[in-house]
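Notes for the structure review
Listed below are the residues making up each chain.
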Amino acid sequence: MTFINYASREINCKIVYYGPGLCGKTTNLQYIYDSTAPQAKGKLISLATETDRTLFFDFMPLELGTVRGFKTRFHLYTVPGQVYYDASRKLILKGVDGVVFVADSQEERMDANIESLYNLEENLQTQGYDLLKIPYVLQLNKRDLPNVIPSDELTAELQRKGEPVFEATASQGVGVFDTLKAVAKQVLTELRKG
Amino acid sequence: MVETTIIIHEQQFQRIKNVLARLCVECAARVVFLVDRDGQPIAFHGDIGDMDTTSFSSLAAGNVAATTSMAKLIGEDVFPAVVHEGERESIFISVIGRSLLVVVFDERSTLGLVKLRTKKASHEVASILEAIQNDSANERLDANSFFAEITDEDIDSLFS
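Residues numbered from 1 in each chain as written. Chains lettered and ligands numbered in written order. Predicted model: local features only at pLDDT ≥ 70, side-chain atom pairs only at ≥ 80, totals over all residues.

1. Focus: the sheet that holds strand β4 (residues 81–85) of chain B
Residues and elements named next belong to chain B. If you trace the five strands from one edge of the open sheet to the other, you get β3-β2-β6-β5-β4, paired in antiparallel fashion. Since the sheet does not close on itself, it has two edges, and those belong to β3 (41–46) and β4, each with one partner. Taking each pair of neighbouring strands and ignoring which way they run, the sheet shows an average axis angle of 10 degrees. Where strand β2 (residues 31–36) lies against strand β6 (residues 99–105), six bridges are found, and the strand directions are antiparallel. In the strand pairing of β6, Val32 is matched with Val103. Each of β2 and β3 touches helix α1 (residues 10–26); the most contacted strand, β3, lies at about 40 degrees to it. (Pairing = 2+ DSSP bridges. Helix = DSSP H or I, 4+ residues; strand = E, 2+ residues; numbered from the N terminus. Axes fitted to C-alpha atoms, helices over the stretch in contact; angles between N-to-C directions. Contact = placed C-beta atoms within 7 Å.)

Set out below in structure tokens:
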């Protein structure tokens, strides 16, 4: 849910990165964090296990600049991808303004992608949202690996509503900002509609 | 989207700030925050030092979200308050509808005092938030809203 504060002239929006375990959600955030100027970002908070798997969420606030004198701040969250953390995923989707689905392009992760996408739709519905109506972007990650499914096949399988699709190698930053821009743009466009 | 965009105007923001400022003094607190349950910081008053208030708000909301889910698992609807007691600094979180009043205090205050004063302030905050929510819902219907004037160029300029 977007927050607009006329007193501090700020717009705050929430974007959630969703996807199966080890698909690269945290890596997306880490890259954004590492490549953003210090004044434009807050801390990157990771609630992770000792083995660096996301336990509850990762979070970073990012300031993109001003629109008509209003500072736009995006609150970026990731969910834990592992199947048994579903309760946490539901909580993080509360108040979401836009979703990025990070798909793992490797052949052996196809089932996990489908299961996670289904889980996203279901959890959005639980919160009263419809995937077909909210700002949404699909990212095909790990394109640098040898055993990847061709992009068009992955897109045919995972694209839900003609949403923008980006190929990415998040560990090297490829496609990371394109994905973020696309979803942020949709969120602001939605805001304009009122 | 399911929920209305929340729009806070200058006057409402000032009213919230006034309540927080008074609560901060009455509790002898270090800092007092008002946070949306989805993790958006609304306002704060007090000594934040170099604290990252945005991250703090997000974690406070995550904390309450987790404890609320725990409450449901044991048959409670919600824990109306959450307390964390540290060696020097402590945190008291009061749940007010879809917002959280968060008080950070140290040995200059006591949990009892914080609870008492926060309860009183909660009612005031609740009524301001209700007004904000009602106004936001009406404003959404306003076709002349400021945000309707945002152009594609405005949005593109953010990413240039």
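2. A few points about the interface of chain B and chain A
Opposite the 33 residues of chain B that make contact, chain A presents 37 residues. Of all elements in the fold, only β1 (6–8), α1, α2 (53–73) and α4 (152–158) of chain B reach the threshold of two or more residues within the side of chain B that touches chain A. With eight residues, α2 of chain B is the single largest residue contributor to the side of chain B that touches chain A. Taken together, the residues of the side of chain B that touches chain A break down into 15 nonpolar, 11 polar and seven charged. As paired strands, strand β1 (residues 3–5) of chain A and β1 of chain B are joined by three bridges and run parallel to one another. When the sheet's bridge partners are listed, Asn5 of chain A is paired in β1 of chain B with Ile8 of chain B. (Nonpolar A, V, L, I, M, F, W, Y, C, P; charged D, E, K, R; others polar.)

3. What about the environment of Tyr31 of chain A?
All names here are of chain A. Note that Tyr31 resides in helix α1 (residues 25–34). When the C-alpha atoms of Tyr31 and Val176 are compared, they prove to be 7.6 Å apart, with 145 residues separating the residues in sequence. Among all residues touching Tyr31, those that are not within four sequence positions of it are Ala170, Gly173 and Val176.

4. Details of the nonpolar core
Among the nonpolar cores identified, the biggest contains 93 residues, and Val16 of chain A together with Val32, Val102 and Val103 of chain B are the most heavily contacted of them. Looking at this core element by element, the count peaks at eight residues for helix α5 (residues 176–193) of chain A. If sequence neighbours within four positions are ignored, Val103 of chain B has contacts with Cys27, Ala29, Val32, Phe92, Val114 and Thr118 of chain B. (Core = buried A, V, L, I, M, F, W, Y, C linked by C-beta atoms within 7 Å. Buried ≥ 20, exposed ≤ 12 C-beta atoms within 10 Å, placed from the backbone.)

5. Some words on the packing of helix α2 (residues 86–93) of chain A against helix α3 (residues 110–126) of chain A
Geometry of a packed helix pair, given as the angle between the helix axes and the separation of the axes. Residue and element names in this part refer to chain A. At a closest axis distance of 9 Å, the pairing of α2 and α3 adopts a crossing angle of 55 degrees. In terms of orientation, α2 lies oblique with respect to α3. Considering the relative orientation of α2 and α3, their crossing is right-handed. Residues Asp86, Arg89, Lys90 and Leu93 of α2 pack against Asn119, Asn123, Leu124 and Thr126 of α3. The residue inventory of the contact of α2 with α3, partitioned by class, reads two nonpolar, three polar and three charged. (Parallel < 35°, antiparallel > 145°, perpendicular 65-115°, else oblique. Left-handed = near helix turned anticlockwise from the far one by under 90°.)

6. Remarks on the pairing of β6 of chain B
Residues and elements named next belong to chain B. Among the seven residues in β6, seven count as buried, and that is most of the element. Residues of β6 alternate between two faces, with Ser99, Leu101, Val103 and Phe105 on one and Leu100, Val102 and Val104 on the opposite face, all of them buried. The sheet contact formed by strand β5 (residues 90–96) and β6 spans seven bridges and is antiparallel. Among the inter-strand pairings, Ile91 is bridged to a residue of β6, identified as Val104. Connecting β5 to the antiparallel partner β6 that follows it, the hairpin turn spans two residues, and Gly97 within it adopts a positive phi of roughly 55 degrees.

7. Side note on the confidence of the model for chain B
Averaged over every residue, the pLDDT of chain B is 90; the share at 70 or more is 94%. Prediction confidence for the complex, expressed as pTM and ipTM, is 0.91 and 0.83 respectively. (pLDDT = per-residue confidence, 0-100.)

8. Considering α3 of chain A
Since there are 3.6 residues in each turn of an α-helix, residues three or four apart along the chain are aligned in direction. All names here are of chain A. For α3, which comprises 17 residues, the first-to-last C-alpha distance of 24 Å matches the rise-based estimate of 24 Å (1.5 Å per residue) to within 8%. Within the span of α3, buried status applies to Asn113, Ser116, Leu117, Leu120, Asn123 and Leu124. Projected down its long axis, α3 carries its buried residues within an arc of 130 degrees, all on one side. In α3, those exposed residues whose orientation departs by more than 90 degrees from the buried face are Asp111, Glu115, Tyr118, Glu122, Gln125 and Thr126. (Expected span 1.5 Å × (residues − 1). Arc of directions from axis to C-beta.)

9. With respect to α2 of chain A
If you check which residues of α2 of chain A are buried, you get Ser88, Arg89, Leu91, Ile92 and Leu93 of chain A. On the buried face of α2 of chain A, the contacting elements are β2 (10–18), β4 (54–67), β5 (70–78) and α3 of chain A together with α2 of chain B. Once α2 of chain A ends, the next one or two residues include Gly95 of chain A, with phi positive near 75 degrees.

10. Description of the pairing of β5 of chain B
All names here are of chain B. Where β4 meets β5, five bridges bridge the pair, whose relative direction is antiparallel. What sits directly across from Glu85, in β5, is Ser90. Linking β4 back to β5 in an antiparallel pair, the connection comprises four residues.

11. A look at the environment of Gly21 of chain A
All names here are of chain A. In this structure, Gly21 sits in the loop between β2 and α1. When the C-alpha atoms of Gly21 and Gln82 are compared, they prove to be 4.8 Å apart, with 61 residues separating the residues in sequence. Residues contacting Gly21, with those up to four places away along its chain left out, are Gly81 and Gln82.

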